[in-house]
Every structure is written in C-alpha cells, then in structure tokens.
There are 2 protein chains.
Amino acid sequence: MNSVTIPKATVARLPLYLHALEILAAEGTCTVSSEMLARRVNVNAAKVRKDLSFLGTHGVRGVGYDSSELGTRIREALGLTRDFGVVIVGIGNLGAALANYDGFGEQRFHIVGLYDADPGTIGSKVGDLVVRDVRHMPADIAENNVEIGIIATPAAVAQEVATQLEQCGVRSILNFAQTVLQVEQADVRRVDLSTELQILGYYLRHDQS
Amino acid sequence: MNSVTIPKATVARLPLYLHALEILAAEGTCTVSSEMLARRVNVNAAKVRKDLSFLGTHGVRGVGYDSSELGTRIREALGLTRDFGVVIVGIGNLGAALANYDGFGEQRFHIVGLYDADPGTIGSKVGDLVVRDVRHMPADIAENNVEIGIIATPAAVAQEVATQLEQCGVRSILNFAQTVLQVEQADVRRVDLSTELQILGYYLRHDQS
DNA sequence: TAGTGTGAAATCTTTCACAGCA
DNA sequence: TGCTGTGAAAGATTTCACACTA
C-alpha cells in the first residue's frame, strides 16, 4: 500500500530503532549515527543503514540522522500515524498482565475490550475496563472498529477464538496460547514461553548465538 | 557440542514440531507424515523434511515417521533430556503470570526462584514459591544451579538485572522488558508486546504476511 | 573527516523436483 | 503407491567495502 516494500526482517527491527530513538530523544540527543543506533539495538551499523534506506530516509553524510525526523519516518513507515483498537480474549493471569501493560507510552494501540468465558471472571475490573462475556465480542468489535486481537486463552479454545476474531473482521492476531493457529488470511504472530525456553535450552549446549 | 550443527531457523521450529507430535501422540497417532506435521505447524512439507533431516532422523519412505521415536529425537536434539533451573526476576503482573504458567507440561524447565526488589512484593506467595529479595539471588543461583533467567522487571532496571544474572553464571536470558540488553556472552531472547503490535500494525496496511 | 548510501559478495533459508525405497 | 531424503535452484538477509559528500 505504501511506496517501496520493506523486507520482513527490516520491519521486525524498525520498532527497536524507534524505541532507541525515543530514549535518545528523551536524553536530548538531536543527531544520531548508524553506529550509535547499532550499538543500542545490538546489530551492525551497515544493517542499520540498509534498513533505514528502505524508508527513503536522508541522513546527512559525515553527520548522521536527525533523530526526531528519523523517528517520524519510522512511525510513518510502520503506520503509527493513527490509532488501533485492540481486544484481549482470555483474562487469566497472563491476559490481565497484558491488559495492565503500560509499555505503550505514547503509542497508538488502545485496548478497548477484555473478554472471557468464565462467569467468575466476567464483570471483574482490570485496569479501566470491565471484563465482558466473550459473547458480546462480535458486536463490540464491529462497533469499535477493532483491528487487532490478542489471544491469551487456554490452548484448547484458542483456535475457536481465532476463527471467531477472523469472522469479526480482525486481520491481525497476537497469539499467546500454546497452539499454532489455522487462519484464513489473518496475520498471526505467536509468543510462547515454552517455545522460547526450548530454544534457549538448545543454545545452552551449542553455544554460538 | 552435538554432531551436526542445526540451522537457527530449524532450531526455532523444532519446539513446534515437538508440540504437534505430543498432541498427535495424545490422540493415539503412531505414524506421522511430513505433510501432516506441516499442516499443524503451518509450514510446507519439504521444510519439515529438511528440518528433520538435520536430526539424522530416519523416517520410512512411503510411510512416514514413527511419532514417538521422532519426539524422542527432537527432544534429544533440543537437549530436553535433563532438567533446567529457571528464575524469574520482577514479580509484577507479568512476572506472576509467567510464574503461574502451566504450559510446561512434562517439560524440563523448573522455576526455582522468584525475585523482586519491592518490599511489598517480597514475601508474597506465587504458586508454590515465595518471592525473595533480589539480593538473595546470586547465592540462590549458585546453590541451585540455575541456567536460565527470565526478566520481567520495569525496563529501567532490566539491564542491571541482566548484568547481575550474567555475573552469576546464567548464560540464557529471556527478556520481557522493553529494552535491548547488552550482555557479554549470554544468549538473550526478547519478547515485547509493543514490538509485536507494531509489526502487526505494519502488515495491517501492507498485506501479504 | 566522519558517516551515509549502496552495489556486489557471502551467507542463510526456503522451495523445488525427483530419485529411491518400503 | 506414497512418502522420505536431498541435491540444486531460487530467494531473502547480512555483511563488506568503498565511492561520495556535508
């Protein structure tokens, strides 16, 4: 939809550059070099420059990048120029923790609905929101123009929830359940603690990365 | 340390295959084809076969893989043949949720310590464990042979905790804080909600995957 | 001088396509 | 017949190295 297509690997790093820039900005840094960003994001400087080149960014040779302008460019590239409605389904320990997550700062992601199927959880308050019956979800999503769904349910029901989210028109899903979701066309990202631990476990024996 | 070196991309998928096999085993399936696994893990069958070939696995042509044997091979490759001690530092909402995580099933990862710096949190009980003062951490780690540290602290102190973990000999870190950690040689994996949402946000506008 | 922007090389990953075997 | 195992091709990503310029 936008000019040049940015490689997946680059897209995955843009949020890290952005975060680093926000910290630098808070520290009052106006100009930043690829080398500086690279150190903060743990990659090499050539990669930073190549990544930024996809944004059509103009740094200044011999000087570096204007950090506030670069921040703006990255936000534009990521589409962080408008707000996104987010719902969380499954308000157990993890779902509640995610609902309370405060790392959004000045981000554009707004949690607008919390859902659960357990009568004991429905009606309880988490942060500013009251947990609603998951049966209200479809109507709420339509009404609030929700675009992103976070699944934090038990694995057994995650697929069902994903299907339902997709039927409601949600095209982006962040899945914390221990399942690989089958979806029609939604974009799914999966986060799973035991997978991560197993990967770490491997490199504990086979050290290099 | 083990025979052949397995590509990173493959290592990252092995836990998914393993999980799929465990489900299949629970359903009573004895023989599994690359095609079957592929469907469950959302990848293509050639990739499954290539991945499994790094384990030196012998499937049976025309038939498939013996699912229990394949499970054993993957567990061996991942080093899941012994137990791992894990500590969690930062027992806020997220840390507590992780401590209560039950997805380990018959896994080999055991949470053996919970730490926090807040006097109000220290002493409280989460699951079976009592949250201890982070000052006890170094001694506890040495005593319990802890190999993996999970950081769920505020971003501001995450680096300090990481440095400390490394000094205690912990070589694997799972970082849930919104920071890129600088470490000497530890292996770090990072999980961050706002990064994931930003990536999803990008693909919401630039649909393809 | 110090740091960007980028072709071209090196490396890693995925996919194809098919020989080979139970 | 049906599915594995794998070379070889295609594609993606990373890194190098250097021309260029404020």
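This report concerns the structure included in the present document. The structure displayed is predicted, hence computed values, not measured ones.

1. Observations concerning the relation of the copies chain B and chain A
Then, in step 1: By a simple turn and slide, chain B fits onto chain A: the slide is 0.0 Å along the axis, the RMSD is 0.0 Å, and the turn is 180 degrees. Both copies of the chain, as the preceding transformation shows, are related through a two-fold rotation axis.
Then, in step 2: Of the interface residues in chain B, 100% have counterparts in chain A that sit at the interface too, so the contact is made through matching surfaces.

2. Topic: the sheet that holds strand 3 (residues 84-89) of chain B
The strands making up a sheet are joined through hydrogen bonds of the backbone, oriented either antiparallel or parallel.
Residues and elements named next belong to chain B.
Then, in step 1: In space, the six strands of this open sheet follow the order 7-4-3-8-9-10, with parallel pairing throughout. Single-partner strands in this sheet number two, and they are strand 7 (132-133) and strand 10 (187-190).
Then, in step 2: Bridge count for strand 3 against strand 4 (residues 109-116) is six bridges, and the pairing is parallel. If you follow Val86 over to strand 4, its bridge partner there is Ile111.
Then, in step 3: Helix 6 (residues 137-144) contacts strand 3, strand 4, strand 7 and strand 8 (146-151) of the sheet and is inclined by roughly 165 degrees relative to strand 4.
Then, in step 4: Its contacts with the sheet put helix 7 (residues 155-167) on strand 3, strand 8 and strand 9 (172-175), and the angle it makes with strand 8 is roughly 180 degrees.

3. Some words on the pattern of salt bridges
Residues and elements named next belong to chain B.
Then, in step 1: With the rule as written, the count across this model stands at 24 salt bridges over all chains.
Then, in step 2: In this structure, the salt-bridge partner of Arg40 is Glu27, at a minimum N-O distance of 3.5 Å. Here the residue Arg40 occupies a position in helix 2 (residues 34-41), and Glu27 occupies one in the loop between helix 1 (8-26) and strand 1 (31-32), the gap between them amounting to 13 residues.
Then, in step 3: Overall, Glu27 belongs to the exposed group, its relative accessible area being 52%.
Then, in step 4: Of the charged contacts in the structure, one is a salt bridge between Glu35 and Arg39, with a shortest N-O distance of 3.4 Å.

Procedures and definitions
- Residues numbered from 1 in each chain as written.
- Chains lettered and ligands numbered in written order.
- Predicted model: local features only at pLDDT ≥ 70, side-chain atom pairs only at ≥ 80, totals over all residues.
- Heavy atoms only, no water.
- Least-squares fit on C-alpha atoms with pLDDT ≥ 70 in both.
- Contact = heavy atoms within 4.5 Å.
- Pairing = 2+ DSSP bridges.
- Helix = DSSP H or I, 4+ residues; strand = E, 2+ residues; numbered from the N terminus.
- Axes fitted to C-alpha atoms, helices over the stretch in contact; angles between N-to-C directions.
- Salt bridge = Lys/Arg side-chain N within 4 Å of Asp/Glu carboxyl O.
- Buried < 20%, exposed > 50% of the residue type's maximum accessible area, 1.4 Å probe, protein only.

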